[in-house]
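Here are the chains, one letter per residue:
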Amino acid sequence: MSSSRKRSHEEDKPLAKKPKVSHYGLYNQGATCYLNSVLQVLSMAPELHDRLDSKSRTTDKDLRQVFETMKVGTCGTENITQSLGIENVYQQRDAAECLELILSKVSPQASKVFEGQLTYVTKCSKGHIINEETNPFWTLPLSLNDSYDATYSVKRGFEMVFQTKSYSGDNMVYCNECERQAEATSGCDMETFPQNLILLLKRFEFDFSTMSYFKSDCCVDVPYALQKKDKTYTLYGMVNHYGSLRGGHYTATILSDEDKTWYEFNDAHVDKMLQVEEQPSAQTKTSSSAYLLVYRESLKDGGFSPPDKHLPKRRKCPKWLPISAGVFAIVMGCFAIHFFIKRRTS
């Protein structure tokens, strides 16, 4: 076969299709990896997207623009840093603080996706309430110092938040109704469950012996599912921190809802994680870099809560209600006429 015929035959072969890139990253402006990792996790939260109000809030508009642009290609974050008031893009900042900043800047109905309420109650041994308060939260902090094992269990740490604490001896609490120091118990309960639950692993702590902050690289067992009462939360995003306290780097590990595959987001680079790392039978994932854990409320059938589940719905009036209202109005009118005639004749 001649070389010309061979080339012609090869040209007739269909070209191999390039693998479709389903997810894109964000350009780093200098040291904005903390912002990128948070935005990448939020980009996988359609519950948030449906509530963004682009007409009333600049931050909502800029967030929506970033999320839409990320669907077709890698994009920058100049507009969102400006609306968040971030002036020095070369200064490293904390990802958890950045997340709270974003939620404080967006419209209230958008941040409601991540908002829950905790109720704290302290009672004396006789049942008198010494103190009771309910506080909202976006992130639930878990102290890594509460573990005596080599590996910290997030599931156990989450359960410890709601454990009852006892006060006795020198730690007794003053009760106004008993008018004395009394033995007491205090407990915490989740009054309102967030649609998306965020756990903060407190890797950055203050050491009072050295009077300085330090970072904990403690290994943690991250559960793929968390249970609280009748609620089940499924892990779909993690913000990771690598490096030291003074110099480090943030990335995001996110479960795609499109192909149910985990992806690693490292600024502009997005890599599909090896399936061997994420075994379907595994209950937990061990990590020494996980910092923020983001869970989504799961339904009993295995699906997820619809984006508008927690939005107020207009109730439809029953068909018999207008008729009942009309009859009620006629009856009340008759009573009024009867009362008026009775007063005039008396």
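So, a few notes on the structure that sits alongside this text.

**Observations concerning the overall build of the protein**
Inference 1: A count of helical and extended segments in the protein gives 9 helices and 19 strands.
Inference 2: Considering the protein as a whole, with its 346 residues, one finds that 40% of them fall into the buried category.
Inference 3: Sequence separation of 24 or more characterises 67% of the internal contacts of the protein that already satisfy a separation of 6 or more.
Inference 4: With the model as given, the accessible surface of the protein reaches about 21200 Å², and the carbon-plus-sulfur share is 52%.

**Observations concerning the packing of aromatic side chains**
Inference 1: On inspection of all chains with the given rule, the structure shows 6 aromatic pairs.
Inference 2: Look at Y224 and W262: their rings are 6.2 Å apart centre to centre, the planes differ by 55 degrees, and that puts the pair in the tilted class. Of this pair, Y224 sits in the loop between β12 (219-223) and β13 (225-228) while W262 is found in strand β16 (residues 262-266), placing the two residues 38 residues apart along the sequence. Side by side, Y224 and W262 carry an identical accessibility label, which is buried.
Inference 3: On the numbers, 6.2 Å between centres and 40 degrees between planes, the contact of Y250 with Y291 is tilted. In this pair, Y250 is assigned in strand β15 (residues 248-255) and Y291 in strand β19 (residues 290-298), connecting sequence segments 41 residues apart. Residues Y250 and Y291 agree in their burial class; the two are buried.
Inference 4: Grouping aromatic residues by their ring pairs yields a cluster made of F204, Y250 and Y291.
Inference 5: The cationic tip of K228 hangs over the ring face of F162; the distance from NZ or CZ to the ring centre is 3.8 Å.
Inference 6: Sitting over the face of the ring of Y236, R296 holds its NZ or CZ atom 3.9 Å from the ring centroid.

**Description of unusual backbone geometry**
Inference 1: One non-glycine residue, M211, lies in positive phi territory at about 55 degrees.
Inference 2: Locating M211 in the fold gives a position in the loop between β10 (204-207) and β11 (212-215).
Inference 3: Despite not being glycine, K260 has its phi angle at roughly 55 degrees, a positive value.
Inference 4: Within the secondary structure layout, K260 lies in the loop between β15 and β16.
Inference 5: K260 gets classed as exposed once you look at its relative accessible area, which sits at 52%.

**Thoughts on helix α4 (residues 58-69)**
The α-helix advances 3.6 residues per turn, and as a result positions three or four apart in sequence lie on the same side.
Inference 1: Compared with an ideal rise of 1.5 Å per residue, which puts 12 residues at 16 Å, α4 spans 17 Å between its outermost C-alpha atoms and is within 8% of the ideal.
Inference 2: Taken residue by residue, α4 has T59, D60, D62, L63, V66 and F67 as its buried positions. Seen from one end, α4 has its buried residues packed into an arc of 165 degrees, which puts them on one side.

**Observations regarding helix α6 (residues 95-105)**
Inference 1: When α6 is considered as a whole, its buried residues turn out to be A95, A96, C98, L99, L101, I102 and L103.
Inference 2: Looking at where α6 begins, the residue whose side-chain oxygen comes 3.1 Å from the main-chain nitrogen of A96 is D94.

**Observations regarding the nonpolar core**
Inference 1: With 45 residues, the main nonpolar core has I102, F114 and L292 as its most contacted residues.
Inference 2: Of all the secondary structure elements, the ones that give two or more residues to this core are α2 (33-42), α4, α6, β9 (196-202), β14 (231-243), β15, β16 and β19.
Inference 3: If you look at the next biggest cluster of nonpolar residues, it comprises 28 residues, including L140, L142, Y152 and C218.

**A few points about the sheet that holds strand β18 (residues 284-287)**
Inference 1: One open sheet accounts for 3 strands, arranged β4-β12-β18; its pairing is mixed. Strands with a single pairing partner mark the edges of an open sheet, and in this sheet they are β4 (151-153) and β18. On average, adjacent strands in this sheet sit at an angle of 25 degrees to one another, irrespective of strand direction.
Inference 2: Of the pairings in the sheet, the one linking β4 to β12 comprises 3 bridges and is parallel in character. Counterpart to S153 in the pairing with β12 is D221.

**Thoughts on the environment of C175**
Inference 1: Locating C175 in the fold gives a position in strand β6 (residues 173-175).
Inference 2: Separated by 44 residues in the primary sequence, C175 and N131 place their C-alpha atoms 9.3 Å from one another.
Inference 3: Those residues in contact with C175 that sit more than four places away from it in its chain are C124, H128, I130, R180 and A182.

**Points about the side chain of S287**
Inference 1: Relative to the helices and strands, S287 is located in strand β18.
Inference 2: Given the relative accessible area of 8%, S287 is considered buried.
Inference 3: Within the structure, the side chain of S287 is placed 3.1 Å from the backbone nitrogen of S289, a separation counted as a polar contact.

Calculation rules
Residues numbered from 1 in each chain as written. Predicted model: local features only at pLDDT ≥ 70, side-chain atom pairs only at ≥ 80, totals over all residues. Heavy atoms only, no water. Helix = DSSP H or I, 4+ residues; strand = E, 2+ residues; numbered from the N terminus. Buried < 20%, exposed > 50% of the residue type's maximum accessible area, 1.4 Å probe, protein only. Contact = heavy atoms within 4.5 Å. Areas by Shrake-Rupley, 256 points an atom, 1.4 Å probe, with all protein chains shown as cover. Phe/Tyr/Trp six-rings, centres within 6.5 Å; stacked < 30°, edge-to-face > 60°. Lys NZ or Arg CZ within 6 Å of the ring centre and 35° of its normal. Expected span 1.5 Å × (residues − 1). Arc of directions from axis to C-beta. Polar contact = N/O pair within 3.5 Å; in protein donor to acceptor, adjacent residues only side chain to side chain. Core = buried A, V, L, I, M, F, W, Y, C linked by side-chain atoms within 4.5 Å. Pairing = 2+ DSSP bridges. Axes fitted to C-alpha atoms, helices over the stretch in contact; angles between N-to-C directions.

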